[in-house]
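# Coordinate analysis (summary)
The chain contents come next:
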Amino acid sequence: MAQVPARRVSSEIVRAARRQRAARLYNARKERWAYRMRRLRRAFLALCAIVIASVGAGIVLGGLSDGTWLLTMLLGFLVFMVLSIYPSVPRPRQGDLHDASLAELAGSTELWLESKRRALPNAAIDAIDMIGVRLEQLSPQLASVDESGPAAREVRKLLSEHLPGLVDSYTRIPPSLRSKPGVSGDSPSEQLIDGLCVISDEIEAMSQDLSKGDVDALATRNRFLETKYLDARGNGGARGR
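Described below are features of the structure shown in this document. (Residues numbered from 1 in each chain as written. Predicted model: local features only at pLDDT ≥ 70, side-chain atom pairs only at ≥ 80, totals over all residues. Heavy atoms only, no water.)

### Some thoughts on helix α5 (residues 125–142)
Counted at 1.5 Å a residue, the expected span for α5 with its 18 residues is 26 Å, and the 25 Å between its end C-alpha atoms agrees. The largest bend along α5 reaches roughly 25 degrees and is located at E136, with the proline P140 sitting one to four residues downstream. Counting buried positions along α5 yields 13 of 18 residues, so the element is predominantly enclosed. (Helix = DSSP H or I, 4+ residues; strand = E, 2+ residues; numbered from the N terminus. Expected span 1.5 Å × (residues − 1). Bend = angle between axes of the 7 residues up to and from the residue. Buried < 20%, exposed > 50% of the residue type's maximum accessible area, 1.4 Å probe, protein only.)

So, in structure tokens, the structure goes:
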């Protein structure tokens, strides 16, 4: 398997990225449990409402039959079970990246990429961690970027089109072909890792441009990305077909 180039990802940076990822996963688990607790609380309140309504109806009507009470209990049980299970914990989807606001795009992209981690080769983990770190750096900067400006368009193109396209192109290739060299001499796994490193570098460069207020520089990056890794991605996809 290919290794991430040392010039791009040093061991210290990788260790820092993994620590930050552990913190992000911890926060994500807390959010999932908070979501489940809100779901259980909603189910419990619905059950209480059914019980109170049944008791109130029994008082007004002078009592309910045994069959009515049985149906009420079954209804309460079904409502509690359904509301305690659904809706399920939301999972990031690629389509959500297109619909996300610019301020939410970096966080949504990070969650989406994290959900794809198991489908990617182990050698790509360091690059994925670095992308996560740099997305965190970029996220607060995007809150002040004009949604209709050229910088926003380039950021959206990179995070909602190029990155998902690269990952999805790789996952469509049969596993038996992912480590075999292609026409260019690199295997699809090597091309994926190189593409992820390029994207990681571009996210960092975008962050630096935004911090300097150099919005115009972002408009020239798409051409570099297309010549650097999109052709390789297309070759990998062709082998997958």
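### Comments concerning a nonpolar patch on the surface
Together, F77, L78, M81, V82, I85 and Y86 make up a nonpolar patch on the protein surface, roughly 600 Å² of accessible area in all. Summarising the element assignment, Y86 is placed in the loop between α2 (66–85) and α3 (94–99). (Patch = residues over 30% accessible without salt bridge, like charges linked within 9 Å, V, L, I, M, F, W, Y side chains within 5 Å. Areas by Shrake-Rupley, 256 points an atom, 1.4 Å probe, with all protein chains shown as cover. Salt bridge = Lys/Arg side-chain N within 4 Å of Asp/Glu carboxyl O.)

### Side note on the nonpolar core
With 34 residues, the main nonpolar core has I131, L142, V155, L159, L196 and I203 as its most contacted residues. The set of elements that each furnish at least two residues to this core consists of α4 (102–115), α5, α6 (150–171) and α7 (188–212). Considering each element in turn, this core owes the most residues, nine residues, to α6. When near neighbours in sequence (up to four residues on either side) are disregarded, L196 contacts A124, A127, I128, I131, L163, L166 and V167. (Core = buried A, V, L, I, M, F, W, Y, C linked by side-chain atoms within 4.5 Å. Contact = heavy atoms within 4.5 Å.)

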